[in-house]
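# Observations on the model geometry
Take a look at the letters that make up each chain.
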Amino acid sequence: MSKLAYLGPEGTFCEAALRILAPDAERLPCANVGAALDAVRRGEADGAVVPLENSLEGAITQTLDEFAWGEPLLIVAELLLPVEFSLLVRPDTEMRQIKRLITHPAAHTQCRNFIERELPGAVVIHASSTAAAAQEVSNPESPYDAAISPAIAGELYGLTEVASGIGDRTDTVTRFVQVSAHGPLPEPTGADRTSMVAFLKDDHAGALLEMLSEFSVRGINLSRIESRPTGDGIGRYFFHFDCEGHVADARVGEALSGLHRICGDLRFLGSYPRADQVPTQIRTGTSDAEFAEAADWLTRMRAGQI
Ligand SMILES: O=C(O)C(=O)C[C@]1(C(=O)O)C=C[C@@H](O)C=C1
């Protein structure tokens, strides 16, 4: 049985994602995303499940930075999990008594309207996860009156749900990814995604356009682009890209080769099946067969056969 690390403790959305992605895996709760990924790097876990982006809040920057700077890991699967938040209190607390609230920063952002409307003036403190917040509130000595967490965390930590579905939108989803320390890569399915991190060779006009051109000239659709600071000063950024297709597809492989040539560093993060199973768009002239035919034509031409 494989062991997967995740953002704990028990009751996080991350755990819910892990249970769907790998129902039979042994679960190793970790204090934060970095610790979960380090457990994989040290061989203490066979893989990890971590949040990558949220449809309202955007990128989970800690995960992006871990993927860019930490020892390389491979994304092997993804999952889109609807996230629904509850307001949880100790059984003896009433809604009007809530003055101090604790939750994960991403949950705070997603429930901002509810907090302003229903709990005006409440102080919000951030926890390492939504379930860590619930666990904290379950302590009778806790200085916090309520947690914003998944309903399941309330059941696990003996809290009472005083409000449910408190997110600013009802259709929010978080994208989680499962990573492993090494291959093999998942087989291409025809509905795949490829992730990578690109560092510029040097800062010059059109550098980003040159990178984007490697995708566009091969008809590759991007599904996410994120810039993150390198830490080397204002204006210094590196880029995360997600594109449609698998590195085994000729057009994606060639785009990565092109990026490898023009970038200071290109880190491949993996090719894996898309959670929504939407087939990859293949524009005219960019299929594997058309790439193979063109390569064959070039070989014959170079051999003086045309
Ligand atoms: O704290 C949790 O329950 C998590 O799984 C983390 C996380 C996140 O990092 O965005 C996951 C989904 C929600 O958006 C809120 C928090």
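Note that this is a predicted model, so its numbers are computed, not measured. (Residues numbered from 1 in each chain as written. Predicted model: local features only at pLDDT ≥ 70, side-chain atom pairs only at ≥ 80, totals over all residues. Heavy atoms only, no water.)

Here we come to the UniProt feature "site: Essential for prephenate dehydratase activity" (unreviewed entry) in the protein. When the UniProt feature table is mapped onto this chain numbering, "site: Essential for prephenate dehydratase activity" (unreviewed entry) sits at Thr174. Within the secondary structure, Thr174 sits in strand β11 (residues 173-180). Take Thr174: its relative accessible area is 7%, and that puts it in the buried class. Apart from residues no more than four positions distant in its own chain, Thr174 is found in contact with Pro51, Glu53, Asn54, Leu79, Leu80, Leu81 and Val83. A distance of 2.8 Å separates a polar atom in the side chain of Thr174 from a polar atom in the side chain of Asn54. (UniProt positions renumbered as here; feature names shortened; annotations may be inferred. Helix = DSSP H or I, 4+ residues; strand = E, 2+ residues; numbered from the N terminus. Buried < 20%, exposed > 50% of the residue type's maximum accessible area, 1.4 Å probe, protein only. Contact = heavy atoms within 4.5 Å. Polar contact = N/O pair within 3.5 Å; in protein donor to acceptor, adjacent residues only side chain to side chain.)

UniProt feature "domain: ACT" (unreviewed entry): in the numbering of this structure it lies at residues 196-273. Secondary structure across residues 196-273 divides into 29% helix and 41% strand, with the first and last C-alpha atoms of the span separated by 15 Å.

The step from Gly8 to Pro9 runs through a cis peptide bond, and the omega angle for that step is 0 degrees. Following the sequence through the fold, Pro9 ends up in the loop between β1 (3-7) and α1 (13-21). The step from Gly183 to Pro184 runs through a cis peptide bond, and the omega angle for that step is 5 degrees. You can see Pro184 is positioned in the loop between β11 and β12 (192-200). Phi at Gln277 takes a positive value of approximately 55 degrees, unusual for a residue other than glycine. Tracing the backbone shows Gln277 in the loop between β15 (263-273) and α10 (288-302).

Moving on, we get to the environment of Glu210. Structurally, Glu210 can be placed in helix α8 (residues 207-216). Its relative accessible area of 37% is what places Glu210 among the partly exposed residues. Taking the C-alpha atoms as reference, Glu210 lies 38 Å from Phe13; in sequence the two are 197 residues apart. Apart from the residues lying within four places of it in its own chain, the contact partners of Glu210 are His204, Ala205 and Ile262.

Our focus in this paragraph is the confidence of the model for the protein. Overall, the prediction assigns the protein a mean pLDDT of 97, with 100% of residues at 70 or greater. Interface confidence for the predicted complex, given as ipTM, is 0.97, next to a pTM of 0.96. (pLDDT = per-residue confidence, 0-100.)

Let's shift gears to the pairing of strand β6 (residues 86-89). Successive side chains on a regular strand alternate, one facing one side of the sheet and the next facing the other. On β6, burial covers both faces: Ser86 and Leu88 on one face and Leu87 and Val89 on the other are all buried. Note that β6 and strand β9 (residues 146-149) share four bridges and pair antiparallel. Residue pairing across strands places Ser86 opposite Ser149, the latter belonging to β9. In the sheet, β6 pairs with strand β10 (residues 160-164) via four bridges, with the strands oriented antiparallel. Bridging across to β10, Leu87 finds its partner in Ala163. (Pairing = 2+ DSSP bridges.)

Attention now goes to the site of the ligand. Looking at the ligand, there are 15 residues lining it, with Phe13, Cys14, Gln110, Thr130 and Thr174 nearest. Within the backbone of Cys14, an N or O atom sits 2.9 Å from an oxygen atom of the ligand. The separation between an oxygen atom of the ligand and a polar side-chain atom of Thr174 is 3.2 Å. With the chains in place, 99% of the 360 Å² that the ligand exposes on its own is no longer accessible. Those elements giving two or more residues to the shell around the ligand turn out to be α1, β3 (47-54), α4 (105-110) and β11. Among the residues forming the shell around the ligand, the class breakdown is eight nonpolar, seven polar and no charged. When residues of the shell around the ligand are sorted by domain, at least three fall in each of domain 1 (1-82 + 174-182) and domain 2 (86-164). (Near = heavy atom within 4 Å. Areas by Shrake-Rupley, 256 points an atom, 1.4 Å probe, with all protein chains shown as cover. Nonpolar A, V, L, I, M, F, W, Y, C, P; charged D, E, K, R; others polar. Domains from an automatic or database assignment.)

A few words on helix α6 (residues 130-138). Taken residue by residue, α6 has Thr130, Ala131, Ala132, Ala133, Ala134 and Val137 as its buried positions. Considering only its buried residues, α6 is in contact with α1, β6, β7 (100-103), α4, β9 and α7 (151-156).

This brings us to the sheet that holds β10. Pairing within the open sheet is mixed, and its five strands lie in the order β8-β7-β9-β6-β10. If you trace the sheet from one side to the other, it starts and ends with β8 (123-126) and β10, each paired once. On average, adjacent strands in this sheet sit at an angle of 30 degrees to one another, irrespective of strand direction. Here two bridges tie β7 to β9, and the two strands are oriented parallel to one another. Among the inter-strand pairings, Leu101 is bridged to a residue of β9, identified as Ala146. Lying on the sheet, α6 is in contact with β6, β7 and β9; it crosses β9 at an angle near 155 degrees. (Axes fitted to C-alpha atoms, helices over the stretch in contact; angles between N-to-C directions.)

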